[in-house]
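# A structural walkthrough
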Amino acid sequence: MPVFSLDPAQTAWCAELRALAAERLRPLAEKGEPGHVNRPLVAALGELGLLGRLFGAGALELCLMRESLAQVCTEAETALALQGLGAHPVAASGTPGQRARWLPEVGAGRAIAAFALSEPGAGSDAAALAMEAVPDGPGWRLTGEKCWISNAPEADFYSVFARTTPGAGAQGVTAFLVPADRPGLSGGPLDMLSPHPIGSLLFDGVPVGPDDVLGEVDRGFRVAMTTLNLFRPSVGAFAVGMAQAALDAALAHTAERAAFGGALKDLQAVSHQVAEMATRTEAARLLVYAAAAAYDEGAADVPKRAAMAKLLATETAQYVVDAAVQLHGARALRRGHLLEHLYREVRAPRIYEGATEVQRTIIAKELYAT
């Protein structure tokens, strides 16, 4: 598959996704309550067949979905991505019973999934997580706290990572599928800059058994990293979608806005700024596509490519959105303006699923290992 261009069918599908987002998804997103799961929106993603595609999709297809939706409706993009992130450990490492129980519900938009890795003391350093899985008969009891978990505390199940072997670092972590109704599990929302739901979870001796393990005991960090290697390029695709939306807004505004005796675009300082925004956006897009294609081909350098894609795309989106705000002036800061919305949305992807500094560490480690 060509890395640097899309074929006509892919281009048409992306256009179809943008149209669906505008006609079907954005009206539902606008009715949602910020900071809470928008179940009608998730259900619509299921009815349109987009959630079902998550589990058979390659990385490039996932990137195209996320980029296309993000250009039109970031809420729909994020709802889709969070379903994929939370359920991917089940799809990739779950037992036949676990997959049969949860994946059809996620794909139909009836069950909300969440990926519960981060803790108050273990964000970027995921291998330092402290949640304990204390042996209890044939199973364990989970004790500890998870924090900054998207879709918490409103998800129907969580892919949870806990320490089964103390002092073993990344080698002593196990992944568990934990339904939200397990005794001892509680949580609360966090009031964050991003408009999508984020919360904390408290595990007070939550019982889990061998049937709840995702993958193998003490091999859960591999489950987490496999998920992140797939979703990191697609976080970049989300960022590219936001950058493209900001660029489109800047192009329209500078072509129409009269200033200093002509259109803003006639000022060299403005036109050069827009040219820089467009060039950086396209460069980020191509790196995202290349990383996704490498993942789909099973290339050996996926961790490096995924980290590069997320790094460049998220930093680029921050730059492009900020520049678009500057070109629009004060109007872009009014509550409800597209760029005001994007300005709030664009900051978080530089932190979650591995902060920018973590991506640089991964890239350097991979470079020196060759």
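Our structure's up above, just so we're on the same page.
Okay, so let's go over this structure. (Residues numbered from 1 in each chain as written. Predicted model: local features only at pLDDT ≥ 70, side-chain atom pairs only at ≥ 80, totals over all residues. Heavy atoms only, no water.)

Bringing helix α7 (residues 268-297) into the picture now. Counted at 1.5 Å a residue, the expected span for α7 with its 30 residues is 44 Å, and the 43 Å between its end C-alpha atoms agrees. With its phi angle positive at about 70°, G298 sits one or two positions after the end of α7. (Helix = DSSP H or I, 4+ residues; strand = E, 2+ residues; numbered from the N terminus. Expected span 1.5 Å × (residues − 1).)

The next point concerns helix α6 (residues 220-256). Look at α6: 54 Å from first C-alpha to last across 37 residues, which is about the 54 Å you get at 1.5 Å a residue. The largest bend along α6 reaches roughly 30° and is located at F231, with the proline P233 sitting one to four residues downstream. Counting buried positions over the 37 residues of α6 gives 29, a clear majority of the element. (Bend = angle between axes of the 7 residues up to and from the residue. Buried < 20%, exposed > 50% of the residue type's maximum accessible area, 1.4 Å probe, protein only.)

Locating H253 in the fold gives a position in helix α6. Residue classification places H253 among the buried residues on the basis of a relative accessible area of 10%. The contacts of H253, once residues within four sequence positions are left out, are L264, L327, H328 and R331. (Contact = heavy atoms within 4.5 Å.)

By secondary structure assignment, the location of S234 is in helix α6. At a separation of 2.9 Å, a polar atom in the side chain of S234 contacts the main-chain carbonyl oxygen of F231. (Polar contact = N/O pair within 3.5 Å; in protein donor to acceptor, adjacent residues only side chain to side chain.)

Structurally, the position occupied by A330 is in the loop between α8 (302-328) and α9 (338-345). On the basis of relative accessible area, A330 is assigned to the exposed category, the value being 62%. For the pair A330 and V288, spaced 42 residues apart in sequence, the C-alpha separation works out to 32 Å.

So, about the nonpolar core. Residues L142, Y158, F161, F176, V178 and F203 are the most contacted members of the largest nonpolar core, which totals 104 residues. Take this core: its biggest share by element is 15 residues, from α6. For V178, the residues in contact, after removing those within four places along its chain, are L142, F157, Y158, V160, L185, F203, V206 and V208. With six residues, the next largest nonpolar core counts A307, L311, V358 and I362 among its residues. (Core = buried A, V, L, I, M, F, W, Y, C linked by side-chain atoms within 4.5 Å.)

This next bit is on the packing of aromatic side chains. Taken as a whole and judged by the stated rule, the model has three aromatic pairs. Measuring from centroid to centroid gives 4.6 Å for W102 and F157, while their planes differ by 40°, and the two rings are tilted. One end of the pair, W102, is in helix α5 (residues 96-107); the other, F157, is in strand β4 (residues 157-163), and 55 residues separate them in sequence. With a relative accessible area of 9%, W102 lands in the buried category. With a centroid separation of 5.3 Å and an interplanar angle of 65°, the aromatic rings of W140 and F176 are classed as edge-to-face. (Phe/Tyr/Trp six-rings, centres within 6.5 Å; stacked < 30°, edge-to-face > 60°.)

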